[in-house]
Amino acid sequence: MLDAITALSRGTRLVYTKGLRRYIFLPILVNIFVYAGMLSFVVNRFSGWLDSAMMMVPSWLEWLSWLIWPLFFISLLLVIFFTFTLVTHLIAAPFYGFLAAKVERQATGREPLDDRGLAKTAVDALGRELVKLGYILPRMLILFVISWIPGLNLIAPILWILFSAWIMAITYLDYPMDNNKITFRDMRTRLSQRWWPSLTYGGLIMLVTWIPLANLFLIPGAVAGAVLMWDDHYRGTRDITSHR
């Protein structure tokens with residue numbers, strides 16, 4: 001069985017081979033613009049956000065400030081990470097879906113089941129991203145609230161990390177599954193049935209996303225790696241819902 005590190009390594013090498021390189025330039029360009037804009041925004045405001053968070057700590061918990069401060073710091077970083085990820089993938093989703101289809105043809109020799117044209121694929125990809133947002137945002141809001149509740153906020157970073165790994169799995173493995181007419185609900189079920197490869201791949205991509213600058217060039221490889229994971233772990237999983 002293909003593991004997460006091997007999938008990412010093979011996927012990254014694959015997208016930079018002749019025949020696929022031309023499909024990654026636009027996604028990388030999108031990442032660069034979003035990364036630069038959000039980095040500038042966060043650098044200018046991060047300190048103020050952190051100070052405001054610490055001011056909300058009740059006086060009876062001040063003796064735990066040595067622990068609460070780093071927990072707030074980690075939680076805030078994870079919120080920023082989510083925001084960056086959501087914005088980037090909302091913009092670049094049509095390119096990633098197209099890249100995943102090209103990788104599947106080259107890596108597996110099989111055509112994706114999807115017979116949509118390029119224009120419809122791009123429009124549907126944006127719609128699929130909105131479906132993901134409808135799934136992610138309510139859960140993200142619950143975790144954000146937990147992060148501010150004294151006592152519960154001590155476990156918030158752990159919950160954020162697990163949630164981040166799960167969402168990264170959903171985000172990337174959805175590209176090949178969408179190309180093969182797997183519904184969003186069915187996709188989540190397949191990932192749950194194979195929860196270990198799902199979380200390990202999502203966790204690895206989460207770590208990759210945190211690598212400054214290098215992440216811009218590894219993300220297309222993560223899309224290709226997701227195609228390899230789909231073919232190895234999820235393609236044969238039984239459908240539970242009707243296809244689109």
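Scroll up for the structure.
The structure reproduced in this document is the subject of the present report. The shown structure was predicted, so the numbers you read here are calculated from the model rather than taken from an experiment.

The next point concerns the overall build of the protein chain. Counting its regular elements, the protein chain contains 8 helices and 0 strands. Put simply, the protein chain runs from its N terminus to its C terminus through helices and strands in the order α-α-α-α-α-α-α-α. Each of the 244 residues in the protein chain was classed as buried or not, and the buried ones make up 50%. Of all intrachain contacts in the protein chain linking residues separated by at least 6 positions in sequence, the fraction that spans at least 24 positions is 81%.

Quick look at the pattern of salt bridges now. A side chain with one charge can pair with a side chain of the opposite charge if their charged atoms come near. Under the definition given, this model contains 9 salt bridges. The residue Asp231 makes a salt bridge to Arg110 at a minimum N-O spacing of 2.2 Å. Here Arg110 lies in the loop between helix H3 (65-108) and helix H4 (118-146) and Asp231 lies in helix H8 (residues 214-234), a separation of 121 residues in the sequence. Take Arg110: its relative accessible area is 38%, and that puts it in the partly exposed class. Asp174 is the salt-bridge partner of Arg128, the closest N and O atoms lying 2.5 Å from each other. Residue Arg128 is located in helix H4, and its partner Asp174 is located in helix H5 (residues 156-179); the two are separated by 46 residues in the primary sequence. Comparing Arg128 with Asp174, the two get one shared label, buried.

Here is what the cut-offs are and how they apply
Residues numbered from 1 in each chain as written. Predicted model: local features only at pLDDT ≥ 70, side-chain atom pairs only at ≥ 80, totals over all residues. Heavy atoms only, no water. Helix = DSSP H or I, 4+ residues; strand = E, 2+ residues; numbered from the N terminus. Buried < 20%, exposed > 50% of the residue type's maximum accessible area, 1.4 Å probe, protein only. Contact = heavy atoms within 4.5 Å. Salt bridge = Lys/Arg side-chain N within 4 Å of Asp/Glu carboxyl O.

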